[in-house]
Amino acid sequence: VDLVKRAQEKFPYLKVIGIAGPGDPLANEETFETLRLLKEHFPVQIKCLSTNGLVLPESIERLREYDVGNLTVTMNAVDASIGEKIYTFVEYNGEKLHGREGAEKLLSQQLKGIEMAVAKKMLVKVNTVYIPGVNDHHIVDIAKKCGEMGVFTYNLIPVIPQYKFKDIVPPTHAQKREMQDKCSPYVRQMRHCQRCRADAIGKLGKDVQG
């Protein structure tokens with residue numbers, strides 16, 4: 001709340017307040033207390049939140065209660081056989097699920113959560129990390145599914161080579177544009193996205209926080 005107050009005093013044009021971490025915001029009870037306070041102190045500003053969607057279905061009602069109208073869900077596969085190549089494990093309700101089981105749980109929760117959010121008239125953006133050799137052949141299928149579910153916009157993010165994908169070469173700008181063109185018949189493409197930080201302040205592409 002203090003950060004938003006300071007930011008608004010300095011940059012009165014700010015219209016959106018977003019929460020994108022640490023970790024997955026929906027895993028932290030503090031997130032909901034923050035949203036409650038934001039609703040109280042900043043009722044006019046648009047509230048948005050980014051999540052991997054694992055506990056989205058059980059969080060939807062609270063998000064709407066606190067006026068979260070914009071939601072971003074990172075969904076990197078709509079086929080668990082591909083998802084298991086991306087996620088090492090999924091921890092759900094205190095249980096660690098590995099391999100296909102974990103990928104299936106994550107995917108089912110993501111799809112259910114997105115459908116619930118769309119039904120609540122929330123604007124849903126889906127982020128997909130473009131990972132050459134892993135999910136690149138599958139991205140159009142994700143876009144199709146997003147369009148079928150009523151997702152508002154779709155955003156491709158080139159993979160950052162690290163951890164298990166440290167040896168993968170990220171897609172070029174041309175490859176990203178080509179993939180966006182392939183996806184565009186199915187769902188609106190967000191083409192202006194640049195790499196961002198959870199603590200960014202300012203306008204798109206003009207982070208004043210530095």
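The structure this text deals with has already been given above.
The rules we used
Residues numbered from 1 in each chain as written. Predicted model: local features only at pLDDT ≥ 70, side-chain atom pairs only at ≥ 80, totals over all residues. Heavy atoms only, no water. Core = buried A, V, L, I, M, F, W, Y, C linked by side-chain atoms within 4.5 Å. Buried < 20%, exposed > 50% of the residue type's maximum accessible area, 1.4 Å probe, protein only. Helix = DSSP H or I, 4+ residues; strand = E, 2+ residues; numbered from the N terminus. Contact = heavy atoms within 4.5 Å. Axes fitted to C-alpha atoms, helices over the stretch in contact; angles between N-to-C directions. Parallel < 35°, antiparallel > 145°, perpendicular 65-115°, else oblique. Left-handed = near helix turned anticlockwise from the far one by under 90°. Nonpolar A, V, L, I, M, F, W, Y, C, P; charged D, E, K, R; others polar. 1 Å grid on protein atoms, 1.4 Å probe; cavity = no way out; pocket = protein on both sides within 12 Å on 5 of 7 lines; lining within 4 Å. Points joined across faces, edges and corners; volume = space filled by probe spheres on them.

A.B. asks: In this structure, what is going on with the nonpolar core? I would like to understand it.
C.D. replies: Across soluble globular proteins, nonpolar side chains show a tendency to be buried alongside one another. Formed by 37 residues in total, the largest nonpolar core has its most connected members in L35, L63, M75 and Y154. The element best represented in this core is helix α6 (residues 139-149), accounting for six residues. Contact partners of L63, with chain neighbours within four places excluded, come to L26, F32, L35, L49, L56, V68, L71 and M122. Residues A77, I82, I131 and F165 belong to the second largest nonpolar core, which totals eight residues.

A.B. asks: Could you clarify how one ought to interpret the packing of α6 against helix α7 (residues 173-183) in this entry?
C.D. replies: Helix packing geometry: the angle between the two helix axes and the distance between the axes. Axis separation between α6 and α7 bottoms out at 9 Å; the angle between their running directions is 40 degrees. Taken together, the axis directions place α6 and α7 in an arrangement best described as oblique. Where α6 crosses over α7, the handedness of that crossing is right-handed. Here α6 contributes I139, V140 and A143 to the contact with α7, which in turn contributes M179, K182 and C183. A class-by-class count of the residues in the contact of α6 with α7 yields five nonpolar, no polar and one charged.

A.B. asks: I would appreciate a short explanation of empty space enclosed by the protein in the present structure.
C.D. replies: In this approach a probe as big as a water molecule rolls over the atoms, and the regions it shows empty are the leftover space. The tally for this structure, following the rule as stated, stands at one cavity of 30 Å³ or more. Taken as a whole, the largest cavity encloses approximately 60 Å³ of empty space. If you go around the largest cavity, the residues you meet are M75, N76, A77, V78, D79, A80, G83, Y87, A103, L106, L107 and Q110. Going through the elements one at a time, α4 (80-86) and α5 (99-119) are the ones with two or more residues in the lining of the largest cavity. The element best represented in the lining of the largest cavity is α5, accounting for four residues. Of the residues assigned to the lining of the largest cavity, the class counts are eight nonpolar, three polar and one charged.

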